[in-house]
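# Report on the structure
Here's the letter readout for the chains.
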Amino acid sequence: MTHTLKETSLADKLAEVRACNLCAAYLPLGPKPIFQLHPNARILIAGQAPGRITHQIGRPFDDASGDRLRSWLGIDRETFYDEKKIALLPMGFCFPGTGKSGDLPPRPECGIKWRKMLLSLLNDVQLTIVIGQYAMEWHMPNDVARTLTEVVADWKTYWPQHLPMPHPSPRNNLWLKKNPWFEAEILPVLRARVQALLA
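Thresholds, definitions, all that
- Residues numbered from 1 in each chain as written.
- Predicted model: local features only at pLDDT ≥ 70, side-chain atom pairs only at ≥ 80, totals over all residues.
- Heavy atoms only, no water.
- Helix = DSSP H or I, 4+ residues; strand = E, 2+ residues; numbered from the N terminus.
- Rg over C-alpha atoms; globule rule 2.2 N^0.38 Å.
- Buried < 20%, exposed > 50% of the residue type's maximum accessible area, 1.4 Å probe, protein only.
- Contact = heavy atoms within 4.5 Å.
- Areas by Shrake-Rupley, 256 points an atom, 1.4 Å probe, with all protein chains shown as cover.
- Pairing = 2+ DSSP bridges.
- Salt bridge = Lys/Arg side-chain N within 4 Å of Asp/Glu carboxyl O.
- Expected span 1.5 Å × (residues − 1).
- Bend = angle between axes of the 7 residues up to and from the residue.
- Axes fitted to C-alpha atoms, helices over the stretch in contact; angles between N-to-C directions.

## Thoughts on the overall build of the protein
Helices and strands together make up the secondary structure of the protein, namely 9 helices and 6 strands. At 17 Å, the protein has a C-alpha radius of gyration in line with the 16 Å of a compact globule built from 199 residues. Counting only C-alpha atoms and orienting by the principal axes, one finds that the protein spans roughly 50 × 40 × 30 Å. Each of the 199 residues in the protein was classed as buried or not, and the buried ones make up 46%. Excluding contacts between residues fewer than 6 apart, the proportion of contacts in the protein whose partners are at least 24 apart in sequence is 71%. As displayed, the protein has an accessible area near 10,300 Å², and 53% of this comes from carbon and sulfur atoms.

## Some remarks on the pairing of strand β1 (residues 43-46)
Every second residue of β1 is oriented toward a common face, with Ile43 and Ile45 on one face and Leu44 and Ala46 on the other, all of them buried. Pairing of β1 with strand β2 (residues 86-88), which is carried by 3 bridges, proceeds in the parallel orientation. When the bridges of β2 are listed, Leu44 appears paired with Ala87. Inspection of the sheet shows β1 paired to strand β5 (residues 127-131) by 4 bridges, in the parallel sense. Counted as the bridge partner of Ala46 is Val130 from β5.

## Here's the deal with the pattern of salt bridges
Enumeration over the complete set of coordinates arrives at 8 salt bridges. Close ionic contact of Asp62 with Arg77 constitutes a salt bridge, the shortest N to O distance being 3.0 Å. Of this pair, Asp62 sits in the loop between α2 (52-57) and α3 (64-73) while Arg77 sits in helix α4 (residues 77-80), and the two are 15 residues apart along the sequence. Look at Asp62 and you get buried, because its relative accessible area is 18%. Using a relative accessible area of 36% as the deciding quantity, one classes Arg77 as partly exposed.

## Overview of helix α9 (residues 181-198)
Across its 18 residues, α9 extends 25 Å between first and last C-alpha, which sits within 8% of the 26 Å expected from 1.5 Å per residue. Its axis deflected by about 35° at Leu187, α9 carries its strongest bend there, up to four residues before the proline Pro188. When α9 is considered as a whole, its buried residues turn out to be Phe182, Ile186, Leu187, Leu190, Val194, Leu197 and Leu198.

## Some remarks on the sheet that holds β5
The strand order across the open sheet built from 4 strands is β2-β1-β5-β6, with neighbouring strands paired in parallel fashion. Where the open sheet ends on each side, the last strands, each with one partner, are β2 and β6 (162-165). Each strand of the sheet is rotated relative to its neighbour by a mean of 15°, with strand direction disregarded. Relative to the sheet, α9 contacts β1, β5 and β6, its axis offset from that of β5 by approximately 140°.

This is the structure:
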């Protein structure tokens, strides 16, 4: 009976977050919180915010960025979308809109209202993959004065509990070309750890 109550409580909490409309007035496509979470997940991917395609599909990283991210991790779609293995918790849960040079920053309301509660539900996270500047500001607050490149280059400082990474978006192709050490040095180590955690 207790187990059932816990499951109900979890479902109620997640349903409350998914029904959130706290910043509806600022969202061009309206509220649609998108994330993936289960207490048993061993890997947490902390991203930025859903893009327009993700908003339309309703599933995180179901686009070119997701294809590259899965390649970086060395896993297939089935594993990636298994909530009992991988939690997907962006800094903002809804598409924030488009600016002059890409999507707008994640809305801050999600972090203030929901993020600590949702993170507290994750009981067994062994690796947190921290994607992009906004996620790094939350998960690595001591490094806010450094550039993303500097933080990623210093990845061994955080390993094996955390791994800072650039966003896998095609917009970052130039960054990847300028920083070949990321794919050559970091990805083989990342894939090995992911396989070990999911074995």
